[in-house]
Structure formats: structure tokens, C-alpha cells
Amino acid sequence: MTGTRTTMAALFLLPALVLLGALVVYPIGYSVVRSFYDQSGDGFAGFDNYQALFTDDGIRTALKNNIVWVVFAPTVATALGLIFAVLTERVRWGTAFKLVVFMPMAISMLAAGIIFRLVYDQDPDKGVANAVWVGVHDTFAQSSAFPKAHPGRESPLEPAGGGAFVTKEPVRPGVPVTLPLVGVAPDLMPDDAEPAGQPPSDPGKITGTTWQDFTRGKGVGTLGAPDPAELGYAGMKIEAVKDGKVVASTTASGDGTFTLPASAEGALLRLPADNFEEPYNGLDWLGPSLVTPAIIGSYIWMWAGFAMVLIAAGLAGVPRELLEAARVDGANEWQVFRRVTVPLLAPVLAVVTVTLMINVLKVFDLVFIIAPGSSQDDANVLALELYRKGFAEDQPGVASAIAVFLLLLVIPVMWFNVRRLRREVRR
């Protein structure tokens, strides 16, 4: 009645209100005002800075990428969190698994960015992603062992187009064929390579040798003939081509020797281009086309655990009798999950998704750290573009307009989240 309670409440709230005003209200107000002024801050620019949001190429790319982020990152993270929460509910070591999945949340965005910058390294010997990808690829498609091989001086071979090589003269039975090549580093030769053998002589067949015609040391070795220190091209594919058609083919043995049937008489011997293809080096994860999905993957790795913990908490409150009743009525586990579990978890899923959407709109650290300079423009997002306009390009008016635009994007999502939380409290 005397107003004491109101005064005391105001005094208790005053420190929080001062901090809120200094750290939130004032910066927002100043950004709104600054967004209407030019670069110097002295001239009124009207809506020119906001017009730049839709005419500047960098901002438009950032806006498109933000749409991709908002659509995919929260959806995939929430879906994975739901799957992890449901599957670990009945697993004996479920708690340990949840701990492992949630652990990335304890890592800062900076550290996560550095980790995934290494994970996505192009070199399979450094980048885990390409190491796995190249391993899977090489399981089904063997890489060439001779990517740098080519004919040397006075070689009987000549280019045949498309990376292949062919003999200059047709072959005849009983006349051994030599196919010398150079260009493969000794430490890159196949493990099963043996000292090059002399081509056997068989009057009824085409025989020959393909080998590394190079011996270390000046003036050492005989050009065009196998020497003891030279290795055969083990596994080299040889084709006999007559009138543009392959009439016979074989593979060189460990010492480089090979044999073709008499049907190859009069044909040209061709070393196919797949003998010399560069080894598969994986995907360019941080290239212009894959950089945004790659960064979204790192974000999901961090935040799927957050979604899992919240959904698991909601799942713990689901009445078990409803699930059992559905099973008694004949529903299988998929039907129980789709028709009972998911609808009951809908409020929790909505909160998680909306929270991640708000978080995604502000993503900056991962993009700034993971994307290399060559593809940072392709991975650009609004928060990063705000930083670049404000500090790198000295356009504070445009940067303030981007900040206000981000605020306008976040407000409806926050309003939806608050409204849903209030509705849940009333229930």
C-alpha cells in the first residue's frame, strides 16, 4: 500500500535493467539509427543501406546460404537427436552413448572449426573425410600404379590420344616387343614389381616386356633394353588393337613380361589410358560446391547431442501405457514410433527445431574458420557478411542494416517459441 514493495522490486531489478539497457537495448537502437546513415556517419542515406541487402552480390549469396542453413541444419540435427534418443532408450550402454554424442557441445565453435578444417583437408593423408572416401573408392575401383609413366627417348611407343600409348609398328609372332617407359618414382612402383625380365621368344605368340627404362647414374644402363637394376611394370594392361578393335589383351607379370595369342599378329599394342590415370584424391570438401554442406555437417556434429538430450528428457515423460497399448493393439515398432512417439514429442521437437533455427541464423564462427579464402565467398552467411562489411570493407551503415535485418528474421522465430512455451505452461 505504501509502495514499498514496488520500490524494493525496482531496486532489485535495477542492476539487471541497467545491464540489459547497456548491452542489448542501446546497441539495438544505435544499430537501427546507424543503418540510415552513410559510410562516414554524417550524411543521412535513407534506405540505401537496406537496398544494398538485395543488390549486393555478397549479401545475396549470404542470404541464400542462410536459407539453406535454416532449412537443413535444424531439421537434420533434430532428426538425428530424435533417432539417438529413441534408440538409446533401451540400449544397455545408452548413457555412455549419449555422453559421447553430447560431448561436442563442450567444445567451442573455434576449436570445432579448427578440427573440421583438418577433417576436410584435401590430402587423404591428413583429412579424415577424404581418407575414408578414398578408401571406399579404392575398394571398388583400383587406382593406377603408373600415373606419371610416359615414353622416353627413342621409344617404340607414341601417344594414341586420351592418355593412351600405342606401338609405332605392328607386332609379329616370334619377335619380342619392348615397351619401355619412364616417369614413375622408384618408391611409387608397385609392391609386387620385380627386376625387369627379358621378353621370352615364342614363335607362335606375341611376347614382350614393359618396364621402367631408367637406372640411376649418368651413362648407366642400356636405353631400350631391360637392365638388372630396372623394375618391370607389374600389372600393366596391354591391348592388341587391329582396325580399331581390341582383338586380345593381357596384364604384365611381376617382371613386366607378357604374352598375347597369335590372333594379335599384325596388331598395334596399346597401353590403355587407365594405366596412367592419376590416383583418386577424394572430394574437394572445401571447394565452392561442397563447402556449405561440409560446414553444415560440422554444425550438426556439434548440436545433434543438444537435440538428443532435450528430446530424451521429453521422451522420459511420455506415458508408457500409451506405448504398450499401441503394441497390444498390434502396432509394430515403426508404427508406434510414427503414430504415438513422434506426435507426443511434437512440442519438444518444435522447441528444439526453433531454438536451432535461431542459433543457425547467427552462425559465424564455423564459416569463418572452416571455409578457406578461396571459397569463403561461396560459403558466406549474413553474420559473416556483417563482419566483413563492418570491419574489412569499412561500410558500417550496410553492416548495421544487416544486423537489423537479422534481428527482424529472428524476432518471428523467437515469438513463435515463446508463444509455444507459454502454451505448454498453461497446460
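Above: the structure in question.
Residues numbered from 1 in each chain as written. Predicted model: local features only at pLDDT ≥ 70, side-chain atom pairs only at ≥ 80, totals over all residues. Heavy atoms only, no water.

1. Some points on the overall build of the chain
For step 1, the next point in the chain: Tallying secondary structure elements over the chain gives 13 helices and eight strands in all.
For step 2, the next point in the chain: In terms of overall dimensions, the chain has a C-alpha envelope of 120 × 75 × 40 Å along the principal axes.
For step 3, the next point in the chain: For the chain, the residues scored as buried account for 39% of the 427 residues in total.
For step 4, the next point in the chain: Summarising the internal contacts of the chain: among those between residues at least 6 apart in sequence, 69% fall at separations of at least 24.
For step 5, the next point in the chain: Total accessible area computed for the chain in this model is approximately 23900 Å², and 63% of it derives from carbon and sulfur atoms.
For step 6, the next point in the chain: Computed over 33 positive and 40 negative side-chain charges, the separation of the two mean positions in the chain equals 13 Å. (Helix = DSSP H or I, 4+ residues; strand = E, 2+ residues; numbered from the N terminus. Buried < 20%, exposed > 50% of the residue type's maximum accessible area, 1.4 Å probe, protein only. Contact = heavy atoms within 4.5 Å. Areas by Shrake-Rupley, 256 points an atom, 1.4 Å probe, with all protein chains shown as cover. Lys, Arg positive; Asp, Glu negative; His and termini not counted. Charge placed at Lys NZ, Arg CZ, Asp CG, Glu CD.)

2. A short note on a nonpolar patch on the surface
For step 1, the next point in the chain: Residues L13, L17, L19, L20, L23, V24, V25, I28 and V32 make up a contiguous nonpolar surface patch of roughly 800 Å² in combined accessible area.
For step 2, the next point in the chain: Secondary-structure assignment places V32 in helix α1 (residues 4-34). (Patch = residues over 30% accessible without salt bridge, like charges linked within 9 Å, V, L, I, M, F, W, Y side chains within 5 Å. Salt bridge = Lys/Arg side-chain N within 4 Å of Asp/Glu carboxyl O.)

3. Some words on the nonpolar core
Nonpolar side chains in soluble globular proteins generally cluster together in the buried interior.
For step 1, the next point in the chain: Within the largest apolar cluster, 48 residues are counted, with the highest numbers of intra-cluster contacts made by W69, Y120, I295, Y299 and I311.
For step 2, the next point in the chain: In terms of residue count, helix α7 (residues 291-316) provides more of this core than any other element does, 15 residues in total.
For step 3, the next point in the chain: Each residue touching I295, except ones within four places of it in the same chain, is listed here: W69, L366, V367, I370, A371 and A379.
For step 4, the next point in the chain: L157, F165, A248 and A252 belong to the second largest nonpolar core, which has 25 residues in total. (Core = buried A, V, L, I, M, F, W, Y, C linked by side-chain atoms within 4.5 Å.)

4. Comments concerning the packing of helix α3 (residues 57-87) against helix α10 (residues 346-361)
For step 1, the next point in the chain: The geometry of α3 relative to α10 is characterised by a closest axis approach of 9 Å and an angle of 140° between their N-to-C directions. Here α10 runs oblique to α3, going by the angle between their axes. Here α3 runs over α10; the crossing is right-handed. Here α3 contributes N66, W69, V70, A73, P74, A77, T78 and L82 to the contact with α10, which in turn contributes L349, V352, T353, L356, M357, V360 and L361.
For step 2, the next point in the chain: Tallied by class, the residues present in the contact of α3 with α10 amount to 12 nonpolar, three polar and no charged. (Axes fitted to C-alpha atoms, helices over the stretch in contact; angles between N-to-C directions. Parallel < 35°, antiparallel > 145°, perpendicular 65-115°, else oblique. Left-handed = near helix turned anticlockwise from the far one by under 90°. Nonpolar A, V, L, I, M, F, W, Y, C, P; charged D, E, K, R; others polar.)

5. As for unusual backbone geometry
For step 1, the next point in the chain: For E154, which is not a glycine, the phi torsion comes out positive at approximately 55°.
For step 2, the next point in the chain: Judged by its relative accessible area of 72%, E154 falls in the exposed class.

6. Describing the sheet that holds strand β2 (residues 164-167)
For step 1, the next point in the chain: Pairing is antiparallel across the open sheet formed by five strands, whose spatial order is β1-β2-β8-β5-β6. Sheet topology places β1 (157-161) and β6 (245-251) at the edges, where each strand pairs with a single neighbour. Each adjacent strand pair in this sheet contributes to an overall mean axis angle of 30°, direction not counted.
For step 2, the next point in the chain: Bridge count between strand β5 (residues 237-242) and strand β8 (residues 268-271): three bridges; the pairing is antiparallel. Bridge pairing links E239 to R270 in β8. (Pairing = 2+ DSSP bridges.)

7. Description of helix α9 (residues 333-344)
For step 1, the next point in the chain: Compared with the 16 Å implied by 1.5 Å per residue over 12 residues, the 15 Å span of α9 between its first and last C-alpha is a close match.
For step 2, the next point in the chain: The complete set of buried residues in α9 reads V336, F337, V340 and T341. Mapping the buried residues of α9 onto a view down its axis gives an arc of 130°, with all of them on the same face. Turned more than 90 degrees from where α9 packs its buried face, W334 and R339 sit exposed.
For step 3, the next point in the chain: Elements in contact with the buried residues of α9: α3, α7 and α8 (320-328).
For step 4, the next point in the chain: Between the side-chain oxygen at the start of α9 and the backbone nitrogen of W334 there is a gap of 3.3 Å, and the oxygen is on N332. (Expected span 1.5 Å × (residues − 1). Arc of directions from axis to C-beta. Polar contact = N/O pair within 3.5 Å; in protein donor to acceptor, adjacent residues only side chain to side chain.)

Take it as geometry only, folks, not as evidence of what the structure does.
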